[in-house]
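Structural features, examined
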Amino acid sequence: MGFAGALAAMYLIFAVDAAVIPTLPEVFIVGFYYLHASFGVPPLPWAVALLGMALAGEATGNTLLYLVVNRALVRTGRMPRRIEALMRRWTGFLLLHDERIILLNRVIPVLPFVGAFIAGLRWRYLRSLAFILIGAGAKYSVLLLLVGAIGVAYDPTLAGWITLGLVVGLVAASAAGSLLFRRRAAARAKGGP
């Protein structure tokens, strides 16, 4: 597929992750980072290109989901009241109750299908999109910087294993944080500690 094909694949992975199916984009961005040598591209420009595709994919996927839910359900009045009530109840006992939860969602994934929440809860689209891009930009920039630093400090084979371990650890920590956050939010909603 070459250079352009790899960037297109990165874009599609992030768009699909944001709109439909969780794809563990952290694993893909790290894996694609190591392709820079195959294409003869210096690491920094390649990382910037990957970050650009990740942000474009995030924006596209979330926007498409927002548009589908907004136009097909919200505007037509076909949004099931029960689904909207569940969305409100879910965000009601989270730490943040509005678009700002999107930033927290980058560290502790507590909000699936963000585009649907933006439409269903009638959050401000541009503000929500800004939070999506800021959060994704920060998360994936740090991840790419870390991967680049590991690649400089260690031989390529060891760097690949260290990076894979860090990504798996990041995903596991995010999942554990999400579970803990949900339990605490549920306990707080019931009046517990």
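Structure report, in brief. (Residues numbered from 1 in each chain as written. Predicted model: local features only at pLDDT ≥ 70, side-chain atom pairs only at ≥ 80, totals over all residues. Heavy atoms only, no water.)

For the chain, the helix and strand inventory stands at nine helices and zero strands. A principal-axis box enclosing the C-alpha atoms of the chain has dimensions of 55 × 40 × 25 Å. Within the chain, the proportion of its 193 residues that are buried is 43%. Within the chain, residue pairs in contact and separated by at least 24 positions form 71% of the contacts whose partners lie at least 6 positions apart. Carbon and sulfur atoms provide 72% of the accessible area of the chain, an area that totals close to 10400 Å². The chain carries 18 positive and 7 negative side-chain charges, and their two centres are separated by 13 Å. (Helix = DSSP H or I, 4+ residues; strand = E, 2+ residues; numbered from the N terminus. Buried < 20%, exposed > 50% of the residue type's maximum accessible area, 1.4 Å probe, protein only. Contact = heavy atoms within 4.5 Å. Areas by Shrake-Rupley, 256 points an atom, 1.4 Å probe, with all protein chains shown as cover. Lys, Arg positive; Asp, Glu negative; His and termini not counted. Charge placed at Lys NZ, Arg CZ, Asp CG, Glu CD.)

Using the criterion set out here, one finds eight salt bridges in the structure. Linking Lys-139 and Glu-26 is a salt bridge whose minimum nitrogen-to-oxygen distance equals 2.6 Å. Here Lys-139, found in helix H8 (residues 125–153), pairs with Glu-26, found in helix H2 (residues 25–33); they are 113 residues apart in sequence, far enough to count as distant. The class of Lys-139 is buried, set by a relative accessible area of 17%. By relative accessible area, Glu-26 is classed as buried at 9%. Residue Glu-58 pairs with Arg-106 through a salt bridge whose shortest N-O separation is 2.8 Å. Residue Glu-58 is found in helix H4 (residues 43–74), and its partner Arg-106 is found in helix H6 (residues 101–107); the two are separated by 48 residues along the sequence. Among the residues examined, Arg-106 registers a relative accessible area of 15% and is labelled buried. Residues participating in the shared-partner salt-bridge network are Arg-81, Glu-84, Arg-88 and Arg-122. (Salt bridge = Lys/Arg side-chain N within 4 Å of Asp/Glu carboxyl O.)

In the contact formed by helix H1 (residues 2–19) and H4, the axes pass within 7 Å of each other and the chain directions differ by 35 degrees. Where H1 crosses over H4, the two elements pack in a sense that is right-handed. Where H1 abuts H4, its residues Phe-3, Ala-6, Leu-7, Met-10, Tyr-11, Phe-14, Ala-15, Asp-17, Ala-18 and Ala-19 lie against Trp-46, Ala-49, Leu-50, Met-53, Ala-54, Ala-56, Gly-57, Glu-58, Thr-60, Gly-61, Asn-62 and Leu-65. For the contact of H1 with H4, the per-class residue count stands at 16 nonpolar, four polar and two charged. (Axes fitted to C-alpha atoms, helices over the stretch in contact; angles between N-to-C directions. Left-handed = near helix turned anticlockwise from the far one by under 90°. Nonpolar A, V, L, I, M, F, W, Y, C, P; charged D, E, K, R; others polar.)

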